[in-house]
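# Tertiary structure, described
Here's the letter readout for the chains.
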Amino acid sequence: MRTDATGGEATPKRSALQRLYTGTGAFDIVGHRKRWFGFFAVLVLVSLLSLGFKGFNLGIEFEGGTQIQLPAQGANGPITPDEAKQVFSEALGEPASEAQQVGLGDAAAIQVRSNTLNADEVAQVKQALFEELRPLNANGEPSPQVISDSAVSASWGDEISEKALIALAVFLVLVTVFLVIYFEKWMAVAALVALLHDIVVTAGVYSLVGLEVTPATVIGLLTILGFSLYDTVVVFDKVRENTRGLLGLTRRTYPEAANLALNQTLMRSINTSVIALLPVLGLLVIGYVLLGAGTLQDLALVLLTGMLAGVMSSVLLATPLLAALKMRDPKYREHAERVWARRASHARKEAELDVTDDDALAAELRREKALAAAAGVPARHPKAAPRGARPTGKRKR
């Protein structure tokens, strides 16, 4: 008998979409766990190297500096971030750290960020911006009063970072306690490894691409941990259900039972991820396309990156890692050997009972002849004689 990846009887060949919806265990994800471990190891290594050598593109809230803002409409037409950066550079002889447009329509504004400037330098830049770009006030007239400035201290960003690290540590401790109580030790280890992967990879993507890290980024990073944990818990709950009493059976090994659970929850994981990513994409469109760069864009970018990493780790890392940890236990290795021995025994019996095509054809012909002969045999029990009739002993023709 041909078996599938779960050790059960093979089902008829179906399309990938049908197998995805039925969750029969046709996708052998756990069976290829070494391939996934290699992939995630490379991903984490690249992220760590980027964090170590390139670091983060920290926003003004973390490094400190000066921000100058002016309306995006001037007497000579719309003002672009490049024009504002050019004026800043010409006024001080050094380039600005960043210039971007925020807001939409009449509320659109240009923000220019730079290193910390003294009062004279700020006044010099504001004067140059007004003379070159002529920003308009609410009455549609050029006015220097519409150009504002603000100074940001790096200590505020340090305070945010410190509180974020404390929150992360408390979260991981509580998650560990919950998983150990609700599941068991190895499930807690696998879930925590998946969570740490999400943090490292998300941070690595920000470092590689050079995306600016702001307080909104830190908030988003803490948010994605709950999403990743939820998806992992759903899969592990099904794994626990499928492996209950497994050691007393010889139908599937632990990795096969875990793979079946993963297939059974795979469609749910995909649907949950798609539904969760839709509002995040909406935030990204509103924050970047409509309102320009700002807090919404920063929050949406980290949520999008972290959720994608969380889906990958929940499906391709957490359960395969759990299976690998479980198979280190001698009980589960011995159980797997019994399962394989049983399958080998069944395969030998099927091979011994196998017949050739000629034998099968001859048996079918004999069966047809037997059926034809049985159809011509008269009934063994003739109809009863009418009441009162005397038996004559003669056979009725």
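Anything mentioned here points back to the structure above.
Now for a look at the structure at hand. (Residues numbered from 1 in each chain as written. Predicted model: local features only at pLDDT ≥ 70, side-chain atom pairs only at ≥ 80, totals over all residues. Heavy atoms only, no water.)

Attention now goes to the environment of Leu 308. Along the chain, Leu 308 falls in helix 10 (residues 295–326). Between the C-alpha atom of Leu 308 and that of Thr 202, which follows or precedes it by 106 residues, the distance is 9.2 Å. (Helix = DSSP H or I, 4+ residues; strand = E, 2+ residues; numbered from the N terminus.)

Another aspect to go through is the pattern of salt bridges. One pass over the structure, following the stated rule, counts five salt bridges. Linking Asp 149 and Lys 126 is a salt bridge whose minimum nitrogen-to-oxygen distance equals 3.2 Å. With Asp 149 in strand 7 (residues 148–152) and Lys 126 in helix 5 (residues 119–133), the pair connects residues that are 23 residues apart, well separated along the chain. Judged by its relative accessible area of 23%, Lys 126 falls in the partly exposed class. (Salt bridge = Lys/Arg side-chain N within 4 Å of Asp/Glu carboxyl O. Buried < 20%, exposed > 50% of the residue type's maximum accessible area, 1.4 Å probe, protein only.)

Our next topic: the environment of Gln 101. Here Gln 101 is to be found in strand 5 (residues 98–102). For Gln 101 and Gln 111, which are 10 residues apart along the polypeptide, the C-alpha to C-alpha distance reads 6.3 Å.

With that settled, the discussion passes to a nonpolar patch on the surface. A contiguous nonpolar surface patch, about 430 Å² in accessible area, is contributed by Ile 270, Val 274, Ile 275, Leu 278 and Leu 281. The exposed category is assigned to Ile 275, whose relative accessible area is 59%. (Patch = residues over 30% accessible without salt bridge, like charges linked within 9 Å, V, L, I, M, F, W, Y side chains within 5 Å. Areas by Shrake-Rupley, 256 points an atom, 1.4 Å probe, with all protein chains shown as cover.)

Moving on, we get to the layout of surface pockets. If you add up the space inside the largest pocket, you get close to 400 Å³. Lining the largest pocket are 17 residues; nearest its centre among them are Phe 56, Leu 165, Val 213, Val 218 and Leu 221. Looking at the lining of the largest pocket, the elements with two or more residues in it are helix 6 (154–182), helix 7 (185–209) and helix 8 (215–242). (1 Å grid on protein atoms, 1.4 Å probe; cavity = no way out; pocket = protein on both sides within 12 Å on 5 of 7 lines; lining within 4 Å. Points joined across faces, edges and corners; volume = space filled by probe spheres on them.)

Per the stated rule, a full pass over the model turns up five aromatic pairs. Plain terms: the ring middles of Phe 39 and Phe 40 are 5.2 Å apart, the flat faces sit at 70° to each other, and that makes the pair edge-to-face. Classification of Phe 39 as partly exposed rests on a relative accessible area of 39%. When the ring of Phe 178 is compared with that of Tyr 182, the centres are 5.5 Å apart and the planes differ by 10°; the resulting orientation is stacked. (Phe/Tyr/Trp six-rings, centres within 6.5 Å; stacked < 30°, edge-to-face > 60°.)

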